[in-house]
Amino acid sequence: MRVLISGGGIAGPAAAFWLHRAGAEVTIVETAPGPRPGGHAVDVRGIARTVVERMGLLDTIKANRVDERGVAMVDRDNRRLAVMTADAFGGEGIVAEIEIARGDLGRILYDATADYTDYRFGDRIVRLEQHAAGVDVTFRSGGTERFDLVVGADGVHSGVRAIAFGPEKEFVNYLGAYGAYFTVPDPGDTENYFYMYNAPGGLVAGLRPEHGGTAKASLSFLEPEPRYERITRAEAEKLLAERLAGAGWRVGDFLAAMPGADDFYFDSTNQVTVETWHRGRVVLLGDAATCGSPLSGLGTSVALVGAYVLAGELAAAGGDHEAGLPAYQRVLHPYAKAAMELPPGGIKGFAPRTRTMIWLRARSMNLMNHWPWSAVMRRIASRSDAITLPDYAVEGESRLSMSAGG
């Protein structure tokens, strides 16, 4: 089976790993010129740890994780208002036991798959034509190739989804905020905690520890309508400077460092809901199919588990996409649905508008460390294990060694 995956971030290389193990010939096309460095910290939670352990990568991921010891809400004078440690709730609290920079996790997955995966950087899919014998794929760089299956693992703004399923507005739900991430010098006084700061008006700033003397800054603001979906970096920087001017804490330092960051990322905060994840020989994986937004904290875990289930169900179906793809969604859907749940208060809880609501947010975080309020957090934490992971171990010859379109 020849499989083309669009997206070389997390979900795509993870799928390449398992599809290759099942016997498929895998190509990944990625718009970036190479593996993407940097990026904010992501979590490997719950059952996703079992998946990376089965990949033989758990120790490598642990060795590269960020020493992030918890989350602390602070005021404009950097005084802690609330704290939740990383070992709270079995390592499944706001900050997980395994936090790793997105770029580091992507590099680990790339290194694990580069020897047998045809990576094509700086390119993308522009046309898909399905027929009984496969999918004819046209690339921006020119030329058309035939594949048995195309996997859209290209994120919230998936190009594959737009081509094969319909316009983005049918699947992407804007939650009411915009945010940016970029690298800044580590001030050296956070004690390896993720610091979060709220200012009136729905303004949020964060600082997360990294390796090598740097930290990741984040800046967010509420916006009722999705007005800034197609703006340049210069426009985004100007917008952030205007919206967060005078916000207090270390926001001024972050804004000053922002133009010099080589990993600046700006986007809206969204959820993605797709009723059926497959159309013929095209299937969606990770955020392209189901995304609870960064607030859910489970996007990376769903991508890792989803890649395992997708390859496993295709293998169990002997490469028959008409049986394997519906089975993939049937097995994964309850877990992905649970991962869509937002924390209490949703976007307004993340970015409260008034000083009173900011105080209540800090108060509620402190209360969640204690019974009976801790029951709420334990229920949220349980989502990371909301699936019984099948065992897709294949004995003898691979089940995907024959082309499904042959």
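Conventions adopted
- Residues numbered from 1 in each chain as written.
- Predicted model: local features only at pLDDT ≥ 70, side-chain atom pairs only at ≥ 80, totals over all residues.
- Heavy atoms only, no water.
- Core = buried A, V, L, I, M, F, W, Y, C linked by side-chain atoms within 4.5 Å.
- Buried < 20%, exposed > 50% of the residue type's maximum accessible area, 1.4 Å probe, protein only.
- Helix = DSSP H or I, 4+ residues; strand = E, 2+ residues; numbered from the N terminus.
- Contact = heavy atoms within 4.5 Å.
- Salt bridge = Lys/Arg side-chain N within 4 Å of Asp/Glu carboxyl O.
- Pairing = 2+ DSSP bridges.
- Phe/Tyr/Trp six-rings, centres within 6.5 Å; stacked < 30°, edge-to-face > 60°.
- Lys NZ or Arg CZ within 6 Å of the ring centre and 35° of its normal.
- Expected span 1.5 Å × (residues − 1).
- Axes fitted to C-alpha atoms, helices over the stretch in contact; angles between N-to-C directions.
- Parallel < 35°, antiparallel > 145°, perpendicular 65-115°, else oblique.
- Left-handed = near helix turned anticlockwise from the far one by under 90°.
- Nonpolar A, V, L, I, M, F, W, Y, C, P; charged D, E, K, R; others polar.

Describing the nonpolar core
Membership of the largest hydrophobic core comes to 77 residues, with the highest contact counts inside it found for Ile5 and Val305. Top element by residues in this core is helix 8 (residues 299–316). It accounts for 10 residues. If near-sequence neighbours (up to four positions away) are discounted, Val305 is found in contact with Ile47, Ala48, Val51, Leu332, Tyr335, Ile387 and Leu389.

Structural notes on the pattern of salt bridges
A side chain of one charge can pair with a side chain of the opposite charge when the charged atoms of the two come close. This model, assessed by the stated rule, comprises 23 salt bridges. One salt bridge connects Lys238 with Glu242, and the closest N-O pair in it is separated by 2.6 Å. Residue Lys238 and its partner Glu242 are located together in helix 6 (residues 233–244), separated by 4 residues, close to a single helical turn. The pair Lys238 / Glu242 is uniform in exposure class, with both members exposed. Within the structure, one salt-bridge network assembled from shared partners comprises Arg2, Glu25, Asp118, Arg120 and Glu145.

Side note on the environment of Ala48
Note on placement: Ala48 falls in helix 2 (residues 47–54). A relative accessible area of 0% places Ala48 in the buried class. Put simply, Ala48 and Ser301 are 253 residues apart on the chain and 5.2 Å apart in space, counted from C-alpha to C-alpha. In this structure Ala48 touches Ser301, Leu304 and Val305, once residues within four positions along its chain are discounted.

A word on unusual backbone geometry
Of note in the backbone geometry, Asn192 takes a positive phi value of approximately 60 degrees without being a glycine. Secondary-structure assignment places Asn192 in the loop between strand 12 (172–185) and strand 13 (194–199).

Focus on the sheet that holds strand 13
Taking strand neighbours across the sheet as the criterion, the 8 strands line up as 5-4-13-14-15-12-16-19 in an open arrangement whose pairing is mixed. Two strands bound the open sheet, and with one partner strand each, they are strand 5 (80–85) and strand 19 (290–291). Note: strand 4 (residues 70–74) against strand 13, 4 bridges, orientation parallel. Its bridge partner lying in strand 13, Val74 is registered against Tyr197.

Comments concerning the packing of aromatic side chains
The relative placement of two aromatic rings is captured by the distance of their centres and the angle of their planes. For the structure on display, the rule yields 14 aromatic pairs. Ring pairs connect the aromatic residues Tyr174, Tyr178, Phe221, Tyr228 and Phe266, which therefore count as one cluster. Sitting over the ring of Phe147, Arg2 keeps its end group 4.3 Å from the ring centre. Against the face of Phe194 rests Arg208, its NZ or CZ located 4.1 Å from the ring centre.

What to know about helix 8
For helix 8, spanning 18 residues, the distance from its first C-alpha to its last is 25 Å, which sits close to the expected 26 Å at 1.5 Å a residue. With 16 of 18 residues buried, helix 8 is to be regarded as a mostly interior element. Looking one or two residues beyond helix 8, the residue adopting positive phi is Gly318, at roughly 65 degrees.

Thoughts on the sheet that holds strand 18 (residues 282–284)
Within a beta sheet, neighbouring strands are joined by backbone hydrogen bonds and run either parallel or antiparallel to one another. Strand order across the open sheet formed by 6 strands is 7-2-1-11-18-17, with mixed pairing between neighbours. Strands at the two margins of the open sheet, each flanked by one partner only, are strand 7 (117–121) and strand 17 (278–279). Summarising the sheet, strand 1 (residues 2–6) and strand 11 (residues 149–152) pair through 4 bridges and their orientation is parallel. Among the inter-strand pairings, Ser6 is bridged to a residue of strand 11, identified as Gly152. Sheet contacts for helix 1 (residues 11–21): strand 1, strand 2 (25–30) and strand 7; angle to strand 2, the most-contacted strand, approximately 170 degrees.

Regarding the packing of helix 2 against helix 8
Packed helix pairs are characterised by how far apart their axes lie and by the angle those axes make with each other. Orientation of helix 2 relative to helix 8, taken along the N-to-C sense of each, is 50 degrees, at an axis distance of 9 Å. Considering the angle they form, helix 2 stands oblique to helix 8. When the axes of helix 2 and helix 8 are compared, the crossing they make is left-handed. Along its contact with helix 2, which presents Ile47, Ala48, Val51, Val52 and Arg54, the element helix 8 presents Ser301, Leu304, Val305 and Tyr308. Class assignment for the residues of the contact of helix 2 with helix 8 results in 7 nonpolar, 1 polar and 1 charged.

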